[in-house]
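Chain by chain, the residues:
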Amino acid sequence: MRFSAILFLLLVSICAGLGSAGAARYTSKTVLDGAHGDRQLLPKSCRACHRGMAMAIRGEEAVCFRCHGSQSNREQMIRSGALTQEARLENIEREFQKPYRHPVEKSRGVHHPQERLPEEQVNAARHVECVDCHHPHLVDNDQPYRGLYGRRVGNLRGAIENEYEVCYRCHAESANLPIGSTNKHAEFAPTNKSYHPVEAEGRNLYVISLLSPYNERQEKPGEISRLTCGDCHGSDDPTGPQGPHGSNYAGLLKKNYDTSDERPESRFAYELCYSCHDRTSILSNESFPYHALHIQGNSAKNLPGTSCHTCHDAHGSSQYQYLIRFNEDVVAPNADGKREFKATGVGSRHGSCLLNCHGVEHNPLSY
Ligand code: HEC
Ligand code: HEC
Ligand code: HEC
Ligand code: HEC
Ligand code: HEC
Ligand code: HEC
Ligand code: HEC
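Every value quoted in this text rests on a predicted model; they were computed, and no experiment measured them. (Residues numbered from 1 in each chain as written. Chains lettered and ligands numbered in written order. Predicted model: local features only at pLDDT ≥ 70, side-chain atom pairs only at ≥ 80, totals over all residues. Heavy atoms only, no water.)

Moving on to the site of ligand 6. The local shell around ligand 6 holds 23 residues, among which His-291, Cys-308, Cys-311, His-312 and Tyr-367 are the closest. Ser-287 places a side-chain nitrogen or oxygen 2.6 Å from an oxygen atom of ligand 6. Listed by contribution, the elements that provide at least two residues to the shell around ligand 6 are α8 (271-274) and α10 (291-296). Broken down by element, the residue count for the shell around ligand 6 peaks at three residues, all from α10. In terms of residue class, the shell around ligand 6 is made up of 14 nonpolar, eight polar and one charged. (Near = heavy atom within 4 Å. Polar contact = N/O pair within 3.5 Å; in protein donor to acceptor, adjacent residues only side chain to side chain. Helix = DSSP H or I, 4+ residues; strand = E, 2+ residues; numbered from the N terminus. Nonpolar A, V, L, I, M, F, W, Y, C, P; charged D, E, K, R; others polar.)

Within the protein, His-291 (NE2) and His-312 (NE2) serve as the donor atoms for the iron atom of ligand 6, at 2.0 Å. Its six donor atoms give the iron atom of ligand 6 angles of 88 to 179° at the centre, a pattern that matches the octahedral case. Note that His-291 is positioned in helix α10 and His-312 in the loop between α10 and β6 (316-317), a separation of 21 residues in sequence. (Donors = N, O, S within 2.8 Å, 3.2 Å for Na, K, Ca; no water. Tetrahedral: all angles 85-135°; square planar, octahedral: opposite > 155°, others 65-115°.)

On to the coordination of the iron atom of ligand 4, then. Protein coordination at the iron atom of ligand 4: the donors are His-233 (NE2) and His-315 (NE2), at 2.0 to 2.1 Å from the metal. Taken together, the six donor atoms coordinating the iron atom of ligand 4 and their angles of 86 to 180° define a geometry best described as octahedral. You can see His-233 sitting in the loop between α7 (229-232) and β5 (246-247) and its partner His-315 sitting in the loop between α10 and β6, a full 82 residues away along the chain. Judged by its relative accessible area of 27%, His-233 falls in the partly exposed class. Classification of His-315 as buried rests on a relative accessible area of 19%. (Buried < 20%, exposed > 50% of the residue type's maximum accessible area, 1.4 Å probe, protein only.)

As a further point, take the packing of helix α2 (residues 61-68) against helix α3 (residues 71-79). Geometrically, a packed helix pair is captured by the angle between its two axes and the distance between the axes. Between α2 and α3, whose axes approach to 6 Å, the crossing angle comes to 85°. When the axes of α2 and α3 are compared, the pair comes out roughly perpendicular. Taken together, the residues of α3 that come into contact with α2 (itself represented by Phe-65, Arg-66, Cys-67 and His-68) are Asn-73, Arg-74 and Met-77. (Axes fitted to C-alpha atoms, helices over the stretch in contact; angles between N-to-C directions. Parallel < 35°, antiparallel > 145°, perpendicular 65-115°, else oblique. Contact = heavy atoms within 4.5 Å.)

Lining the immediate surroundings of ligand 5 are 20 residues, of which Cys-130, Cys-133, His-134, Gln-242 and His-245 lie closest. Here an oxygen atom of ligand 5 and a backbone polar atom of Gln-242 are 2.9 Å apart. Elements that contribute at least two residues to the shell around ligand 5 include exactly α2 and α4 (130-133). Counting residues per element, the shell around ligand 5 draws most heavily on α2, which supplies four residues. Split by residue class, the shell around ligand 5 holds eleven nonpolar, six polar and three charged. Both domains that meet at the shell around ligand 5, namely domain 1 (2-171) and domain 2 (199-326), each give it at least three residues. (Domains from an automatic or database assignment.)

Inspection of α2 places Glu-61, Val-63, Phe-65 and Cys-67 among the buried residues, and these make up the whole buried set. On the buried face of α2, the contacting elements are α3 and α4.

Looking now at unusual backbone geometry. Across the junction of Leu-117 and Pro-118, the peptide omega takes the value 0°, indicating a cis bond. Look at the link from Ser-212 to Pro-213: it is a cis peptide, with omega at 10°. Here Pro-213 shows up in the loop between β4 (194-195) and α7. One non-glycine residue, Asp-142, lies in the positive phi region at around 60°. Position of Asp-142 relative to the elements: it lies in the loop between α4 and β2 (149-153). Not every positive phi belongs to a glycine, and Leu-252 is a case in point at roughly 55°.

Right, let's get into the packing of aromatic side chains. Tallied over the full model, the rule gives nine aromatic pairs. For the pair Tyr-322 and Phe-341, a centre-to-centre distance of 6.2 Å together with 75° between the ring planes defines the contact as edge-to-face. On the criterion of sequence distance, the pair formed by Tyr-322 in the loop between β6 and β7 (340-343) and Phe-341 in strand β7 is long-range, its members being 19 residues apart. Tyr-322 sits in the partly exposed class, given a relative accessible area of 21%. (Phe/Tyr/Trp six-rings, centres within 6.5 Å; stacked < 30°, edge-to-face > 60°.)

The next point concerns the sheet that holds β7. Taken in spatial order, the three strands make up an open sheet running β7-β8-β9, and their pairing is antiparallel. This sheet does not close on itself; its edge strands, each paired only once, are β7 and β9 (360-366). Strand-to-strand, the axes of this sheet are offset by a mean angle of 10°, without reference to chain direction. Here strand β8 (residues 351-357) pairs with β9 via five bridges, running antiparallel. When the sheet's bridge partners are listed, Leu-355 is paired in β9 with His-362. (Pairing = 2+ DSSP bridges.)

Next comes the structure, spelled out in structure tokens:
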């Protein structure tokens, strides 16, 4: 196996050397095509990553950080002639040093180029490497998934077109999801009662709090009604390198989102939600008439405020409209053993709750 790979490398590098005199943007199209095939940026082609004859490369991040890491790493690559000054590269390594990140440094030798994802073995080690999201030979500028394949449907494996298909390789039907982690494919399914519009346009025709450029319905050209995972997950630094690499905010989120109970409300506490949903609209009860009461609390009655997370799921809800999903660590069943939300019709702005929260019995309480 290793021997044939060496032969393959030899063959292809010879062909590449003969075939292109260096100026063409794409050399050796069959193996290397895209940003990494640009000989004006990577004059040593294969050898920039595959040093000498060592093909025993397993997609570990260290190879990538030689050029996508610190300035001093890059200067070393430039001195060795494997990279030119023209390349516009940023320090991605710094993103992976943040507290919430894709743990590329944790798995060593787990990824395999011929692996099949989603994982089917329950006890298989979890892993993620740069090459799980970027094909090292075919990635291109602004086409981060070029060359990757999605979920197998029958005998077919379609090329990945949407970001969420990449994510579903590890965060959906994987048999080895960690405890507490859920199937994102199930949460965003367009057959759900409600969902943030990642896979399809949303179900709610009048989300009154939405800020521009989003709109409840596409009415004017240029209005956006769909989201990507990357609209919420990614770097906390809007001017740094983009992508779901690392963040200083929990959940690898671009903005802060407090999920705990008994918290005072502030713009920062729920900054993620308020970046698309107008804080003034939410707190002036334009939709749910008791939003402010629950989010800010009632000091006269000694009731603390609670997070959006207590009532809403940020992804989707198979059970209820309006992304309602009660956080069972906070919301208890009522005296009749019920923990339910009942919407009255669709978009009527009326409904009722059967539950018990902070000792307040809802059996039911209606709005
Ligand atoms: C930007 C870095 C980079 C360049 C340039 C590069 N490779 Fe690779 N190559 C990798 C990485 C990383 C892997 C491991 C991929 C994985 O594990 O999924 C790999 C894997 C391979 C494999 C094994 C693939 C498999 O499916 O088993 C071969 C063969 C190979 N490269 C040949 C080449 C040849 C030939 C060239 C030049 C035409 C080249 N590579 C250029 C980074 C590179
Ligand atoms: C020898 C240097 C070098 C190595 C090693 C290298 N890259 Fe690159 N990479 C580049 C250059 C140069 C570009 C194109 C930058 C430009 O357009 O100026 C690039 C572009 C990219 C892009 C597209 C960026 C964009 O702007 O959209 C991604 C993604 C990427 N590389 C990922 C990787 C991964 C993953 C690895 C490790 C398997 C890796 N690179 C290893 C030099 C390198
Ligand atoms: C090759 C597998 C793989 C792929 C593909 C992948 N992830 Fe992950 N992701 C992981 C692993 C491993 C972790 C660590 C926790 C775990 O095991 O789930 C993780 C963690 C996360 C976390 C939680 C971070 C935290 O600190 O709480 C988020 C959010 C996340 N991934 C989002 C995404 C998104 C968005 C995509 C698609 C762009 C994606 N992932 C693609 C493997 C993957
Ligand atoms: C509207 C914003 C938003 C979008 C869009 C979004 N997420 Fe999340 N995601 C969150 C928030 C907030 C959390 C943390 C709190 C929670 O778990 O509800 C989270 C948590 C996660 C986690 C960690 C919890 C777990 O179950 O492992 C993963 C993984 C994740 N999201 C993956 C994804 C993927 C994959 C997509 C796209 C298919 C996506 N998210 C789209 C807001 C979002
Ligand atoms: C979980 C999937 C995932 C992993 C793991 C991952 N990336 Fe990315 N990366 C992305 C996505 C998605 C984007 C595109 C973000 C965008 O354009 O908004 C991206 C963008 C990039 C870019 C372009 C940044 C920019 O601002 O244009 C580079 C370079 C890059 N990644 C390199 C890497 C390297 C190197 C690693 C490993 C150390 C890595 N990525 C690991 C998903 C991933
Ligand atoms: C006590 C439970 C509860 C909490 C806490 C809560 N909500 Fe709601 N929210 C609801 C209910 C119930 C509805 C449905 C109202 C209706 O019938 O239209 C709703 C509707 C919404 C809607 C859709 C209508 C609109 O206003 O555009 C958004 C967006 C929303 N909530 C955002 C938030 C945010 C952001 C937070 C935290 C800052 C939050 N909610 C906290 C219960 C809650
Ligand atoms: C990147 C923008 C963005 C962010 C961030 C965001 N939302 Fe939304 N949200 C939307 C869009 C777009 C819709 C409209 C979906 C539709 O048309 O049904 C929506 C709809 C909703 C709805 C109504 C869904 C329904 O079917 O009735 C609720 C509730 C909601 N969001 C709550 C939240 C909460 C809570 C957060 C913070 C965790 C949040 N959103 C963060 C863009 C966002």
